[in-house]
Amino acid sequence: MKKYYFIFLSLLITFVFPFIGVTAAEINRPDKPTFYDDFTDETKSVAKSENVIYESVDPQFDTAYITRSDTKSGYIIWKLDDLLYTNLSVVIYNGLDIDILDAVSLEASFDGENWSELEIEASSEGGSEWISYRITAYVKEPVKYVKVNLFDTGNAAWSVKIGNLALYNKADAPSIPDTSGTPNTGESSNEFFMLTISLLVASFTALAKRSYKHRIKYKTLSI
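Computed from a prediction, not measured in an experiment: that's the story for all the values here.

S.K.: What is the right way to read the nonpolar core from this model?
M.R.: Across soluble globular proteins, nonpolar side chains show a tendency to be buried alongside one another. Within the largest apolar cluster, 41 residues are counted, with the highest numbers of intra-cluster contacts made by W78, L88, V90, V104, I135 and I162. Mapped onto this core, the elements with two or more residues apiece are β1 (35-37), β3 (52-55), β5 (74-93), α2 (100-103), β6 (104-109), β9 (130-150) and β10 (160-169).

S.K.: What should I look at first to understand the pattern of salt bridges in this one?
M.R.: Side chains that differ in charge, positive against negative, can pair when their charged atoms come close. Under the definition given, this model contains 3 salt bridges. As a salt-bridge pair, K161 and E55 come within 3.4 Å of each other at their nearest N and O atoms. Pair noted here: K161 is in strand β10 and E55 is in strand β3, with a separation of 106 residues, a long-range link. Take K161 and E55: they sit in the same class, and that class is buried.

S.K.: So what exactly am I meant to see when it comes to the environment of A103 here?
M.R.: With respect to the element layout, A103 can be found in helix α2. Aside from chain neighbours lying at most four places away, what touches A103 is I92, I98, N149, L150, F151, T153 and V160.

S.K.: Can you help me understand the packing of aromatic side chains in this one?
M.R.: What describes a pair of aromatic rings is the distance from one ring centre to the other and the angle between the planes of the rings. With the rule as written, the count across this model stands at 7 aromatic pairs. On the numbers, 4.4 Å between centres and 40 degrees between planes, the contact of Y85 with Y138 is tilted. With a gap of 53 residues between them, Y85 in strand β5 and Y138 in strand β9 connect regions that are remote in the sequence. By relative accessible area, Y85 is classed as buried at 9%. Each residue in the set F39, Y54 and W78 is aromatic and connected to the rest through ring pairs, giving one cluster. The positively charged end of K147 is found above the aromatic ring belonging to Y75, 5.1 Å away from the centroid. Between the NZ or CZ atom of K161 and the centre of the ring of Y65, over which it lies, the distance is 5.9 Å.

S.K.: Help me understand the pairing of β5, please; the structure alone is not making it clear to me.
M.R.: Remark: a regular strand shows side chains that alternate across the two faces of the sheet. Most of β5 sits inside the fold, with 15 of its 20 residues counted as buried. With 2 bridges joining them, strand β2 (residues 47-48) and β5 adopt antiparallel strand pairing. Each bridged residue has a counterpart across the sheet, and for A47 the counterpart in β5 is I77. As paired elements, β5 and β9 share 16 bridges and run antiparallel to each other.

How each quantity is defined
- Residues numbered from 1 in each chain as written.
- Predicted model: local features only at pLDDT ≥ 70, side-chain atom pairs only at ≥ 80, totals over all residues.
- Heavy atoms only, no water.
- Core = buried A, V, L, I, M, F, W, Y, C linked by side-chain atoms within 4.5 Å.
- Buried < 20%, exposed > 50% of the residue type's maximum accessible area, 1.4 Å probe, protein only.
- Helix = DSSP H or I, 4+ residues; strand = E, 2+ residues; numbered from the N terminus.
- Salt bridge = Lys/Arg side-chain N within 4 Å of Asp/Glu carboxyl O.
- Contact = heavy atoms within 4.5 Å.
- Phe/Tyr/Trp six-rings, centres within 6.5 Å; stacked < 30°, edge-to-face > 60°.
- Lys NZ or Arg CZ within 6 Å of the ring centre and 35° of its normal.
- Pairing = 2+ DSSP bridges.

Here you go:
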């Protein structure tokens, strides 16, 4: 029976652990961006509204964040030549019933004056007191500016924060995924994880039953 435990453990290490590791890495920092901002250097952004502020060391997370000084809507802008893809980390205080799509939006511009709102994908990455989200968006044609809008949600100014920003130019952008069907809400990752676990458990159960039947048959023949 021991060999079946080793088989099960091997499957677990092969399929589940790498998945968990990749997810954790994506939460900490997006993969190979052209431009990355962890918000420790205010000169990396090119413009912002007066009420958008940098928190150099957030006491809750011990990392830098950007938020608002009041409940009014605000914005902040970054520039990158041939910008094609944006990856943004957002955290929202739990318990205030804030919808991520009502709290944050992305806009793109060629000249920094005329803006078009981008269709975004918002994936929940979990959390308890603070809920983490990953917001991503592609533009149809390369642009030079991206604007992050933080909206008035009727709650505390600090209830919505952005944690880091990764921008990709045309050469570095990941392949555009198939966005047909329902929008991504972050459930697909959890479903994949649970499916993997279920398959592994089912495989182990089948192996255990097979081993048990083999032992019963062997004992019967021995008698």
